[in-house]
Amino acid sequence: MKRILIFVLWLVLLTGCERQPEKKQIDIFAMDTYMSLTVYDENGDALLQQASERITELEQIFSVTQPDSDTSRINAHAGKPVEICGDMAVVMEKGLKIGAESNGALDITIYPLLQAWGFTTDALHVPDADTIAALLPYVDYTQVQLDGNTVTIPENVMIDLGALVKGYTSDAVIGLFRENGVTSAIVSLGGNVQALGRKPDGSLWTVGVVDPFSPSENMCTLQIENQAVITSGNYERYFEEDGKRYWHILDRTDGFPADNGLVSVTVVGDSGLTCDALSTALFVEGTEKAVNHWRQTGGFEMICVTDDGRILLTEGLKDSFLSLSDMPVEVITHE
Amino acid sequence: MNKKLLAVMMIVSVIFTVSLILVILQMKAPDKRIAEVLQDGTVLYTIDLNSAENQTIRIDAKSGSYNIITIENGEIYISDAGCPDHICMKTGILKSENVPIVCLPNKLVIRFR
């Protein structure tokens, strides 16, 4: 009798009190943004510390302002070959690849234009036409030569991987967690979210997507696992001059903020790096080209918001999408 | 043996019923709206918005700058700030779990817990 009782009690304890790993969270200010990392693991505190150190390391590699970063060394030695680290090579290769895939909608040499607009210094203003015209010839990603770990750029060209770094960083952090046996984690790098596995209770993560017309609210939620959800929008960094809004995502065809029908693009996929690069590329491409891009390359899903207030949703997200706004939703199919 | 089995079954059913009630109670617990105010990653205040009284809180940054947080009728927002861009003020009321109010220059964050 006693034995049976103990056995039953043990069984009850085992099932009823299944232990969920404790939630550990860290908040970091890095790469000019606010990051929040959450991990469900016994070893959470140590892993978050490691993740934080890795973020600092990546910031030092990619920074455009720190003089000893790989980016700064390339820009300071235009015309000469520069040795770069593995992280830099991976991100640059992706930048050039998505650049080619989008016909330069993503261009990692856009930096001189960003400077002219003051987006790098907060001295925001519309540059005069001559300034833009003088810089445009130097904005051309095809002039960047990447050969293994050696980069050469022509004089007057500058590179900046800002459009890809946060995505690469969330990949790195999630990868670090995965290598250490974590099965449940979620990170947000300035609103760009990437998840590892599912929630500790086995359900999918619910991720909100910001309403570009009202950026303190969500326009929808998505249910995800093991995926990144990364958005580029015209509400993220902008200024107004003479009643007109100018945002930080520039179009290399005219040197002005990309204004091709979209106000935000959210990309959902397995790789934070790819999603980050694509979100910028698709935003610049605009409505029609973005839809074609998705149809031709695939491998990701997207939510586009048009400047006339419509949501375009690729069919792979149909089931996980929950609308929270009154914008009409059109599902994009593979034709 | 029969008696033993009966006893075991009774114990099991009692435990089952109790845990069922506990689970239901847990699921029915009202949504708590707890906001956290963090400076450089450290939690300074934890505020239950459902019960918090209307008030303003001044938070000084190391740089000498500041943010004024206002709690009003169960809502929280930054009403004044010494930062140059005022993005934290423009964010308005804290509404969503994934859109925290962030003041980058002052490393201040208000978010739902």
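Visitor: I'm lost on the overall build of chain B in this one. Help?
Guide: Secondary structure summary: chain B contains 2 helices and 7 strands in total. The secondary structure elements of chain B, listed N-terminal to C-terminal, are α-β-β-β-β-β-α-β-β. Whereas a compact globule of 113 residues would reach a radius of gyration of roughly 13 Å, chain B reaches 23 Å, over 25% beyond that. Expressed as lengths along the three principal axes of its C-alpha atoms, the size of chain B is roughly 80 × 25 × 20 Å. Taking all 113 residues of chain B together, 18% fall into the buried category.

Visitor: When you look at the pairing of strand β3 (residues 55–60) of chain B in this model, what are you seeing that I'm missing?
Guide: All names here are of chain B. Sparse coverage of β3 is indicated by the burial of 0 of its 6 residues. In terms of strand pairing, β3 meets strand β4 (residues 66–72) through 6 bridges, oriented antiparallel. Bridge assignment links D60 to a residue of β4, and that residue is Y66. Between β3 and β4, which pair antiparallel one after the other, the connecting turn spans 5 residues, and G64 there sits at a positive phi close to 100°.

Visitor: Just to check I follow, could you spell out the sheet that holds strand β13 (residues 262–269) of chain A for this structure?
Guide: Two orientations exist for strands paired in a sheet by backbone hydrogen bonds: parallel and antiparallel. All names here are of chain A. With respect to topology, 9 strands assemble into an open sheet ordered β1-β2-β6-β7-β10-β13-β14-β15-β17, the strand pairing being mixed. Bordering the open sheet on either side are β1 (23–30) and β17 (329–332), each of which pairs with just one other strand. Averaged over all pairs of adjacent strands, the angle between their axes in this sheet comes to 15°, without regard to strand direction. Across 6 bridges, the pairing between strand β6 (residues 184–189) and strand β7 (residues 192–197) is antiparallel. The residue of β7 that forms the bridge with A185 is L196. Contacts between helix α9 (residues 287–297) and the sheet are confined to β13, β14 (301–306), β15 (311–314) and β17, with β14 contributing the most and set at about 170° to the helix.

Visitor: Before we go on, may I ask you to explain the interface of chain B and chain A in this structure?
Guide: How large an interface is tends to be reported as the accessible area lost when its parts come together. With 21 residues of chain B in contact, the opposing surface of chain A contributes 18 residues. In terms of residue count, the dominant contributor to the side of chain B that touches chain A is helix α1 (residues 2–28) of chain B (6 residues). Residues that form the side of chain B that touches chain A fall into these classes: 10 nonpolar, 6 polar and 5 charged.

Visitor: Whenever I open this one, α9(A) confuses me. Can you help?
Guide: Count 3.6 residues to each turn of an α-helix, and residues three or four apart come out pointing the same way. All names here are of chain A. Here α9 has its buried residues at A290, H293 and W294. What you see down the axis of α9 is that its buried residues fit within an arc of 95°, all on one side. Away from the buried face of α9 by more than 90 degrees, exposed residues E288, N292 and Q296 are located. Looking at the packing, one finds that the buried side of α9 touches β13, α8 (272–285), β14, β15 and β17. Just downstream of α9 lies G298, where phi reads positive at about 65°.

Visitor: Got a minute to help me understand the sheet that holds strand β2 (residues 42–48) of chain B in this structure?
Guide: Residue and element names in this part refer to chain B. Pairing is antiparallel across the open sheet formed by 4 strands, whose spatial order is β2-β1-β7-β6. Strand pairing shows two members of the sheet lacking a second neighbour, β2 and β6 (101–103), which therefore form its edges. The average angle at which neighbouring strand axes cross in this sheet is 15°, direction not considered. Alignment of strand β1 (residues 34–39) against strand β7 (residues 108–112), held across 5 bridges, turns out to be antiparallel. Note on β7: the bridge partner recorded for E36 is R111.

Visitor: How should I be thinking about the nonpolar core in this particular structure?
Guide: General note: in soluble globular proteins, nonpolar side chains tend to be found buried as a group. Residue and element names in this part refer to chain A. Of all hydrophobic cores here, the largest spans 110 residues; its most connected members are L161, A185, L222, V229, V267, V268 and M302. Sort the elements by how many residues they give to this core and α8 lands first, with 8 residues. With sequence-adjacent residues up to four places away left out, V267 is seen in contact with I230, C275, L278, S279, L282, F300 and M302.

Visitor: What should I look at first to understand the domain arrangement of chain B in this one?
Guide: In terms of domains, chain B is made up of domain 1 (1–30) and domain 2 (34–112). Look at where the C-alpha atoms of domain 1 of chain B and domain 2 of chain B centre, and you get two points 45 Å apart.

Visitor: When you look at unusual backbone geometry in this model, what are you seeing that I'm missing?
Guide: Most of the time, phi is negative for any residue but glycine, and the peptide bond is trans. All names here are of chain A. Within the chain, M31 stands out as a residue other than glycine whose phi angle is a positive 50°. Mapped onto the secondary structure, M31 falls in the loop between β1 and β2 (33–40). In this model, N103 sits at a positive phi of 60°, which is unusual for a non-glycine residue. The topology assignment puts N103 in the loop between α4 (86–101) and α5 (111–117). Owing to 15 C-beta atoms within 10 Å, N103 belongs among the partly exposed residues under this scheme.

Visitor: Explain α4(A) here, please?
Guide: All names here are of chain A. Look at α4: 23 Å from first C-alpha to last across 16 residues, which is about the 22 Å you get at 1.5 Å a residue. Inspection of α4 places M88, V91, M92, K94, G95, I98 and G99 among the buried residues, and these make up the whole buried set. An end-on view of α4 places all buried positions within 160° of arc, on one side of the element. Turned more than 90 degrees off the buried face of α4, the exposed positions are G86, E93 and A100. Those residues of α4 that are buried are in contact with α2 (44–62), α3 (70–76), β4 (145–147), β5 (150–152), α7 (162–179) and α8. One or two steps after α4, the chain reaches N103, where phi turns positive at roughly 60°.

Conventions used here
- Residues numbered from 1 in each chain as written.
- Chains lettered and ligands numbered in written order.
- Predicted model: local features only at pLDDT ≥ 70, side-chain atom pairs only at ≥ 80, totals over all residues.
- Helix = DSSP H or I, 4+ residues; strand = E, 2+ residues; numbered from the N terminus.
- Rg over C-alpha atoms; globule rule 2.2 N^0.38 Å.
- Buried ≥ 20, exposed ≤ 12 C-beta atoms within 10 Å, placed from the backbone.
- Pairing = 2+ DSSP bridges.
- Axes fitted to C-alpha atoms, helices over the stretch in contact; angles between N-to-C directions.
- Contact = placed C-beta atoms within 7 Å.
- Nonpolar A, V, L, I, M, F, W, Y, C, P; charged D, E, K, R; others polar.
- Arc of directions from axis to C-beta.
- Core = buried A, V, L, I, M, F, W, Y, C linked by C-beta atoms within 7 Å.
- Domains from an automatic or database assignment.
- Expected span 1.5 Å × (residues − 1).

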